[in-house]
Amino acid sequence: MAETAKETADKLVQYQAEIQSLPNDLRDVKQALALPRGEPQFNVGADTLLGQIEQAAAEADERLKQAKELLAKHEETLKRRSARKIDLPKLIPETEKAVEETKKTLTTARDSSSLVDTVRRMETEAKFAALEKQRTLFPLESKRIDTLAELAPLQRDLAKREVEYLEKETAGWQKLVADTRKRDLDRQAAEARRQLHEAVPALKSLAEKNSQITDRRKELVAHIESTTKEVQTATQSSAKVKADFEKMAEKVKKAGNSTTIGLLLRRQRDQLPELGVCRERLRFVSNETPAIHLALIELQEYQEMLDDRETAVATVIARLDDSIQNYDEAYITQMVSEMLVTTAELLGTLIRDHDDYIKLLGELEASQRDLIAQTEQSQAFIDERVLWIRSSEPIGATHFTQAWSELQDLTHPEEWAAVSIAIKDRVAQRPLLAVLAVLAIALMILCRDRFRRQINRICETDPDELRGHFLPTVEAVVAASLATAFWPGLMWLIGWQLKNTDGMPDLGTAVGLGLQSAAYAFWLCRFARQLCRRDGIAERHFDWNGPSVAVARRNLSWLSAIGIPCIFFISAVTVYRDGEWSSF
């Protein structure tokens, strides 16, 4: 009770101070918002070192993190005050009632010298004092919220503007880092080429080694740039998934399990990142990091060897062939020394690039893990609720009218013309892939008849000879699975090409996904029908009776005719136009 009373007293002082300072705070914030923020300025000269620019970029990134934390704090304050404003009208009368009850308890309490009654009375008095403080605090808190109602959004807007400015500044510094790294790389490459061109034959190998180091750095710089972009993309995706999750949780809390919420949940789940891609990037990091560490150790050992420059020069000269005797010894020593200076500089920059790349790989792993965690949290939240929410209205006449109108869109020549152009471009860009696809189809056609003959041969064997032998059954089942895979495999291959072709319209992507989904069902039905052929595997190897197999064969026929088109259509509409048709 004493702690509660003290906290309440501290809050009273804090709230009164905030109310009194409001005019000054409001004036300062408005003045800050009135001043134009402008664009970030970068005072970088042509001779500025890469390390200095990287330090400036790191400082800008740290300022951006602090600004984002401040923005999140202001947004949380707004949410908390909004919720508190709703609760206060309930708390004030409840506190008044509690004060009256406690006062009545104190009035009716009998005086007694017993220790228990004394302690109880002291406890009641402390409770009464705390309630008195709260009775004074709650109206003041309500007044504070109303008074600061104009200031808090302005502070949020000011923090948001600062975040936007610092995001531009950070992006500018990162671009300067990349440009400076490329500039240094071009300068070092030019120097390596010059030395290679001017080197005497005996020193060509040393000059070529410098050129190889430059080529390694080019590859590493490209990896650094792509990884930097990937980290930024993963971080932004994680933030978006988290923000969408919080908004959706708030909507579910306020609106409940309505049809509209069900549709929103389904659409948001379809828009979540692919976890398979994230996990594949984690596997890449786990494989790439040890390899880069090993390469870094080798470079550091090479650099340590060059620290004693005189010994390194003497060692290199001692390994040269006899052709150096045709040149002046001082000239050879100078050339070797210059090349080793270049080697040391190249190694230094390459080692720093390895350090930067290792750091980026760590950031990539952290960003991907965070993205996976946020996505799994959203998926779990949606999956817990979406099955219990009606995702669409009951089917009525309007649905058929609208569905017919939408299906007519599929017959538009422009849609299919765009798909055909995308396929044509794909074949033109990768003709070898098209040739391999044709060869695979031809191979499947040739093997299909062979598998069928093998099935017939096994099934025509006397049942007494098959009894007690398991291998012929396995051989027949495997042959049946391969013999029935031709048309489903062709469907899946076409669908895969449509779905993974760059620049493919939504219609082509939807048809591709539908073909892939239908291919699985098509193969399963064909495989089951192959098993249920008259005097086939089911009768000969599984010992099923003929009438039962005939019933299964007939049902599989109509199931294939109805089920496969439905699977194709349902799979296609889930992605076509971002799932716009999925409720029809």
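Residues numbered from 1 in each chain as written. Predicted model: local features only at pLDDT ≥ 70, side-chain atom pairs only at ≥ 80, totals over all residues. Heavy atoms only, no water.

### Overview of the overall build of the chain
What the chain contains, in helices and strands, is 18 helices and 0 strands. Going through the 584 residues of the chain one by one, you find that 34% of them count as buried. Long-range contacts, defined as pairs at least 24 residues apart, comprise 84% of the intrachain contacts of the chain with a sequence gap of at least 6. For the chain, the exposed surface amounts to about 35700 Å²; the carbon and sulfur share of it is 57%. (Helix = DSSP H or I, 4+ residues; strand = E, 2+ residues; numbered from the N terminus. Buried < 20%, exposed > 50% of the residue type's maximum accessible area, 1.4 Å probe, protein only. Contact = heavy atoms within 4.5 Å. Areas by Shrake-Rupley, 256 points an atom, 1.4 Å probe, with all protein chains shown as cover.)

### Re the packing of helix H16 (residues 506–531) against helix H18 (residues 546–573)
For the pair H16 and H18, the least separation of the axes is 7 Å and the interaxial angle reads 165 degrees. Between H16 and H18, the crossing angle belongs to the class labelled roughly antiparallel. The interaxial crossing formed by H16 with H18 has right-handed handedness. Counting all contacts with H16, which are made through Ala-510, Val-511, Leu-513, Gly-514, Leu-515, Ser-517, Ala-518, Ala-521, Phe-522, Cys-525, Ala-528 and Arg-529, the residues of H18 involved are Arg-553, Leu-556, Ser-557, Ser-560, Ile-564, Ile-567, Phe-568, Ser-571 and Ala-572. (Axes fitted to C-alpha atoms, helices over the stretch in contact; angles between N-to-C directions. Parallel < 35°, antiparallel > 145°, perpendicular 65-115°, else oblique. Left-handed = near helix turned anticlockwise from the far one by under 90°.)

### Some details on helix H5 (residues 204–255)
For an α-helix the count is 3.6 residues per turn, leaving residues at separations of three or four pointing the same way. Between its first and last C-alpha atoms H5 spans 76 Å; for 52 residues at 1.5 Å apiece the expected length is 76 Å, and the two agree. Just beyond H5, the residue with positive phi is Gly-256, at close to 75 degrees. (Expected span 1.5 Å × (residues − 1).)

### Examining the nonpolar core
The tendency in soluble globular proteins is for nonpolar side chains to be buried side by side. Leu-203, Leu-206, Leu-306, Val-336, Met-339, Leu-340 and Tyr-357 are the most contacted members of the largest nonpolar core, which totals 31 residues. Elements represented by at least two residues in this core include exactly H5, helix H7 (275–307), helix H8 (309–319) and helix H9 (329–386). Residues within four places of Leu-203 in sequence aside, it is in contact with Leu-320, Met-335, Val-336 and Met-339. Judged by nonpolar contacts, the second largest core, of 9 residues, contains Phe-451, Ile-455, Ala-476 and Leu-531. (Core = buried A, V, L, I, M, F, W, Y, C linked by side-chain atoms within 4.5 Å.)

### Thoughts on the side chain of Glu-288
Along the polypeptide, Glu-288 turns up in helix H7. Glu-288 has contacts with Tyr-357 and Leu-361, leaving out every residue within four places of it along the chain.

### Some thoughts on the packing of aromatic side chains
Per the stated rule, a full pass over the model turns up 4 aromatic pairs. Arranged with centres 5.1 Å apart and planes meeting at 90 degrees, the rings of Phe-42 and Trp-173 form a pair that is edge-to-face. Here Phe-42 is found in the loop between helix H1 (2–34) and helix H2 (50–108), whereas its partner Trp-173 is found in helix H4 (residues 151–198), with 131 residues between them in sequence. Phe-42 gets classed as partly exposed once you look at its relative accessible area, which sits at 29%. Centroid distance Phe-486 to Trp-487: 4.8 Å. Interplanar angle 70 degrees. Geometry classified as edge-to-face. Over the face of the ring belonging to Tyr-165 we find Arg-37, whose NZ or CZ atom lies 3.7 Å from the ring centre. When the ring centre of Phe-284 is taken as origin, the NZ or CZ atom of Arg-281, which lies over that ring, is 4.3 Å away. (Phe/Tyr/Trp six-rings, centres within 6.5 Å; stacked < 30°, edge-to-face > 60°. Lys NZ or Arg CZ within 6 Å of the ring centre and 35° of its normal.)

### Details of the pattern of salt bridges
In the structure shown here, the tally under the stated rule is 23 salt bridges. For Arg-183, the salt bridge is made with Asp-184, and the minimal N-O distance between the two is 3.6 Å. Exposure remark for Arg-183: the relative accessible area of 33% places this residue in the partly exposed category. Among the ionic pairs, Lys-240 bridges to Asp-244, the shortest N-O distance being 2.9 Å. Note that Lys-240 and Asp-244 are positioned in helix H5 at a spacing of 4 residues, about one turn of the helix. Salt bridges sharing common partners tie together Glu-54, Arg-181, Arg-217, Asp-353 and Asp-356. (Salt bridge = Lys/Arg side-chain N within 4 Å of Asp/Glu carboxyl O.)

### Some points on the confidence of the model for the chain
Where the model shows low pLDDT, its predicted coordinates should not be examined in detail. Per-residue confidence for the chain gives a mean pLDDT of 80, with 87% of residues at or over 70. Predicted confidence in the chain is weakest over helix H13 (residues 463–466), with a mean pLDDT of 60, and strongest over H7, with 89. (pLDDT = per-residue confidence, 0-100.)

### So, a nonpolar patch on the surface
A cluster of nonpolar residues, Leu-432, Val-435, Leu-436 and Leu-439, forms a patch on the protein surface that exposes about 400 Å² of accessible area. Here Leu-436 shows up in helix H12 (residues 431–459). (Patch = residues over 30% accessible without salt bridge, like charges linked within 9 Å, V, L, I, M, F, W, Y side chains within 5 Å.)

### Structural notes on the environment of Glu-54
Considering the arrangement of structural elements, one finds Glu-54 in helix H2. Using a relative accessible area of 25% as the deciding quantity, one classes Glu-54 as partly exposed. Here the alpha-carbon distance between Glu-54 and Ala-178, two residues 124 residues apart in the chain, equals 9.6 Å. Apart from residues no more than four positions distant in its own chain, Glu-54 is found in contact with Val-177, Arg-181 and Asp-356. Side-chain polar atoms of Glu-54 contact the side chain of Arg-181, separated by 3.0 Å. (Polar contact = N/O pair within 3.5 Å; in protein donor to acceptor, adjacent residues only side chain to side chain.)

### Regarding a negative patch on the surface
Together, Glu-298, Glu-301, Glu-304, Asp-307, Asp-308 and Glu-310 make up a negatively charged patch on the protein surface. Of all the elements, H7 adds the most residues to the negative patch, at 4 residues. Inspection of the secondary structure puts Glu-298 in helix H7. (Lys, Arg positive; Asp, Glu negative; His and termini not counted. Charge placed at Lys NZ, Arg CZ, Asp CG, Glu CD.)

### Side note on the packing of H5 against helix H6 (residues 259–270)
Each pair of packed helices gets described by two things: the angle between the helix axes and the distance between those axes. Between H5 and H6, whose axes approach to 11 Å, the crossing angle comes to 165 degrees. Judged by the inter-axis angle, H5 sits roughly antiparallel to H6. Note on packing geometry: the crossing formed by H5 with H6 is left-handed. Here Asp-244, Phe-245, Met-248, Lys-251, Val-252 and Ala-255 of H5 lie close against H6, whose contacting residues are Ile-261, Leu-264, Leu-265 and Gln-268.

### Quick notes on the side chain of Ser-560
Inspection of the secondary structure assignment puts Ser-560 in helix H18. Judged by relative accessible area, which is 15%, Ser-560 ranks as buried. Once you skip the residues sitting within four places of it in the chain, Ser-560 turns out to touch Cys-525 and Pro-565.

### Section: the environment of Leu-50
Turning to its location among the elements, Leu-50 is positioned in helix H2. What makes Leu-50 buried here is its relative accessible area of 10%. Along the primary structure Leu-50 and Arg-181 are separated by 131 residues, whereas in three dimensions their C-alpha atoms are 6.7 Å apart. In this structure, Leu-50 is in contact with Val-177, Thr-180, Arg-181, Asp-184 and Arg-217, ignoring residues within four places of it in sequence.

### Points about H7
Relative to the 48 Å expected for 33 residues at 1.5 Å per residue, H7 spans 47 Å between its end C-alpha atoms, a close match to the ideal helical length. Elements that come into contact with the buried residues of H7 comprise H5, H8 and H9.

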